[in-house]
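Overview (structure and organization)
Okay, here's what each chain looks like letter by letter:
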Amino acid sequence: MTTTVNLQTSQRAALVSASADKPIAIRLGQQELDEVLQLARAEDRPAGNFARMVYLLGLAVYREQGFLTLQADVAQPARSRWQAASGLVNEKPIAMRLNSAEQADVEEMARNESRRPGNFARAVFRMGMPIYRQRIQQRAVAAPAVGAVSYE
């Protein structure tokens with residue numbers, strides 16, 4: 001019996017550590033997914049790393065205002081996640097890895113919003129995308145064109 005108790009304890013410990021290392025799956029619509037993959041390639045980052053960066057931008061907004069906001073054109077329709085018509089690409093989620101403190105925060109904030117962690121992370125990610133796009137645009141305006149000739 002002692003062996004069984006020790007085995008059960010070690011299995012529980014393994015489950016706890018595995019859940020802390022488990023990435024959050026961010027499921028996006030096909031157009032969003034294509035855009036994210038293209039932007040991640042342009043930044044020379046893995047998609048999960050890019051998703052985490054944008055998620056953290058959105059998280060700053062969420063923490064500042066204290067609630068989720070979604071633009072009407074990116075809000076997910078009120079459908080079951082099992083329905084094919086949800087508009088989300090379920091076969092190719094982006095695996096976003098967070099450290100254990102960030103993972104615990106996401107789970108707590110998701111509970112407070114009555115959402116699942118992946119759903120909450122997707123909403124926060126979508127809050128961060130406009131900020132990311134704005135930063136890209138500012139960088140493009142600030143940087144001179146490659147090979148540009150100045151006559152000053």
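Located above this text is the structure these notes cover.
Our subject in this report is the structure included herewith.

**Things to note about the environment of Pro117**
Of note, Pro117 is situated in helix α5 (residues 117-142). With relative accessibility at 29%, the residue Pro117 sits in the partly exposed group. Sequence-wise, Pro117 and Gln103 are 14 residues apart; in three dimensions their C-alpha atoms are separated by 8.8 Å.

**Brief notes about the pattern of salt bridges**
Here the structure, examined in full by the defined rule, presents six salt bridges. The shortest N-O distance in the salt bridge between Glu32 and Arg126 comes to 2.7 Å. On the criterion of sequence distance, the pair formed by Glu32 in helix α2 (residues 30-42) and Arg126 in helix α5 is long-range, its members being 94 residues apart. The class of Glu32 is buried, set by a relative accessible area of 19%. One salt bridge in this structure joins Asp105 and Arg63, with 3.1 Å as the shortest N-O distance. With Asp105 in helix α4 (residues 100-112) and Arg63 in helix α3 (residues 47-65), this residue pair connects regions lying 42 residues apart in the sequence. One continuous salt-bridge network, built from bridges that share partners, spans Glu43, Arg45 and Arg139.

So, how was this worked out
- Residues numbered from 1 in each chain as written.
- Predicted model: local features only at pLDDT ≥ 70, side-chain atom pairs only at ≥ 80, totals over all residues.
- Heavy atoms only, no water.
- Helix = DSSP H or I, 4+ residues; strand = E, 2+ residues; numbered from the N terminus.
- Buried < 20%, exposed > 50% of the residue type's maximum accessible area, 1.4 Å probe, protein only.
- Salt bridge = Lys/Arg side-chain N within 4 Å of Asp/Glu carboxyl O.

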